[in-house]
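Topology and contacts: notes
Residue-level listing of the chains:
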Amino acid sequence: RDRDLGRDRVLRRYRLDKAAIAGLCRELGADLESLTGRSHALPVAVKVTSALTFLASGSFQTATRDSTGISQSAMSNCLAQFLEALQRRAARYIAFPPTTARAGTVAGAFPGVLGLVGGMHVALRAPSENEPVVCDAAGTITNVVAKFPGSCPNAAVLENSALARLLEGARPDGAWLLGDRSYPLKPWLMTPIAAPRGAAEERYNALHHQALAVLRRTLALLKLRFRCLDKGRGCLQYAPQKVCQIFLACCILHNIALRRRMPGGMLRLPPQGGLESPGAAALLQLV
């Protein structure tokens, strides 16, 4: 049925174009094909598009309605299989750069930046989860820590992550992360100056805030692309482990969309907003 959908409708429904969806079907096919040999087993394409519809809409009802009317129990199985298959391939799409060869310059003032780090709260049936994310200057997500409760401060989450251990032990010279005031200053983490003195420190803070705009935009795009992450639509009715899988899948799919330079048109931010900066634009261009 999706063959009859135009390009824009496919992007709105699945957040990926037809070529990217076909690529996912090929890549995940071995994991998603039925092992029972039953004639009525769901095709791989139905499983992939059903999962994508749920992630994009945040609604099982929308996903089941748009996926040839499959039952909610079948939809749940499709989603579980899709998430597990994508999680096994996460390293292909999300990888933190080990050398300065991937370090870039952000805001024209911070050379050697390996990434921008910040937290994103995802609402679920239990208390929310705090999902630290690192992205590069292009908005590509390079590291995700999806396992901490929302009550855990950003600094504690980062301190107890494999990312911190990596940077403490093998950080390339002249390379670091940028983070906001919720993180402590470290040799590998540049944060704003709490009480700036003079024009130079004020300018540093202004440029630092400007640099982190890339991260704020990336997190906003995640919520816009994948409405299942938007707490304005309610909390995810899953156990924390499944929510972590959902968040990781959204990050992977976000990177796939960026790699393919997919246009998504102009999407208006929901009333609760997606950007943390009060001066953020009301419209974002999906790229």
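Position numbers for residues count from 1 along each chain, tracking the sequence in the order it is written. Restriction of local features to residues with pLDDT of at least 70 applies here, the model being predicted, together with a cutoff of 80 or more for giving and counting side-chain atom pairs; totals for whole chains, interfaces and linings are based on all residues. Only hydrogens and water are removed before side-chain values are computed, so all heavy atoms of the structure are retained for them.

In the annotation of an unreviewed UniProt entry, the entry for the protein reads Putative nuclease HARBI1, and the organism field reads Aquila chrysaetos chrysaetos. UniProt positions are given in the numbering used here, feature names are shortened, and annotations may be inferred rather than shown by experiment. The UniProt entry for the protein carries the following text under Cofactor (unreviewed entry): "a divalent metal cation".

**A short note on the pairing of strand β3 (residues 129-135)**
Only protein chains enter the area calculation, which uses a 1.4 Å probe; residues under 20% of their type maximum are buried, those over 50% are exposed, and those in between are partly exposed. What counts as a helix is a DSSP run of H or I of at least four residues, what counts as a strand is a run of E of at least two, and both are numbered from the N terminus. In terms of burial, β3 is a largely internal element, seven of the seven residues being buried. Burial of the side chains of β3 extends over both faces: E129, E131, V133 and C135 are buried on one face and N130, P132 and V134 on the other. Across seven bridges, the pairing between strand β2 (residues 110-122) and β3 is antiparallel. When the bridges of β3 are listed, G119 appears paired with P132. Here, strands pair whenever DSSP counts at least two bridges between them. Two elements, β3 and strand β4 (residues 141-144), share three bridges in a ladder whose sense is antiparallel. Residue V133 lies in a different strand from β4, and its bridge partner there is V144. Between the antiparallel neighbours β3 and β4 lie five residues, among them G139 with a positive phi of about 90 degrees.

**Examining the packing of helix α3 (residues 44-57) against helix α5 (residues 72-87)**
Angles shown run from 0 to 180 degrees and are taken between the N-to-C directions of axes, each axis being a line fitted to C-alpha atoms and, for helices, limited to the stretch in contact. Where α3 meets α5, the axes come as close as 8 Å, and the angle between the chain directions of the two elements is 95 degrees. In terms of axis orientation, α3 runs roughly perpendicular to α5. Where α3 abuts α5, its residues K47, V48, S50, A51, L52, F54 and L55 lie against M75, C78, L79, Q81 and F82. Classifying every residue of the contact of α3 with α5 by side-chain character gives nine nonpolar, two polar and one charged. Here roughly perpendicular refers to angles of 65 to 115 degrees, roughly parallel to angles under 35, roughly antiparallel to angles over 145, and oblique to all remaining angles. When checking whether two residues touch, look at their non-hydrogen atoms; a contact exists if any pair is within 4.5 Å. Under the scheme applied, nonpolar residues are Ala, Val, Leu, Ile, Met, Phe, Trp, Tyr, Cys and Pro; charged residues are Asp, Glu, Lys and Arg; polar residues are all the others, including Gly.

**Some thoughts on the side chain of N255**
With respect to the secondary-structure elements, N255 resides in helix α9 (residues 240-259). Judged by its relative accessible area of 1%, N255 falls in the buried class. A polar contact is formed between the side chain of N255 and the backbone oxygen of Y93, at a distance of 3.0 Å. Dropping the residues within four chain positions of it, N255 is found in contact with Y93, I94, T140 and I141. Under this definition, polar contacts are N or O atom pairs within 3.5 Å; protein pairs additionally need one hydrogen-donor-capable and one acceptor-capable atom, and for neighbouring residues in sequence, both atoms have to be side-chain atoms.

**Regarding the packing of aromatic side chains**
Here the aromatic set is Phe, Tyr and Trp, taking the six-membered ring for Trp, and pairing holds for ring centres within 6.5 Å; pairs whose planes are under 30 degrees apart are stacked, those over 60 apart are edge-to-face, and all others are tilted. Evaluation of the coordinates by the stated rule reveals two aromatic pairs. Taking the centre distance of 6.3 Å and the plane angle of 85 degrees together, the rings of F54 and Y238 count as edge-to-face. With a gap of 184 residues between them, F54 in helix α3 and Y238 in the loop between α8 (198-225) and α9 connect regions that are remote in the sequence. A centroid spacing of 5.8 Å and a plane angle of 70 degrees characterise the contact between F110 and Y204, whose relative ring orientation is edge-to-face. Here the residue F110 occupies a position in strand β2, and Y204 occupies one in helix α8, the gap between them amounting to 94 residues. Each member of the pair F110 and Y204 is classed as buried.

**A closer look at the environment of G139**
Looking at the element boundaries, G139 is found in the loop between β3 and β4. Residues within four places of G139 in sequence aside, it is in contact with V214, T218, H254 and L258.

**Some points on the environment of R12**
Inspection of the secondary structure assignment puts R12 in helix α1 (residues 7-14). What makes R12 exposed here is its relative accessible area of 54%. In this structure, the C-alpha to C-alpha distance between R12 and A56, residues 44 residues apart in sequence, is 8.2 Å.

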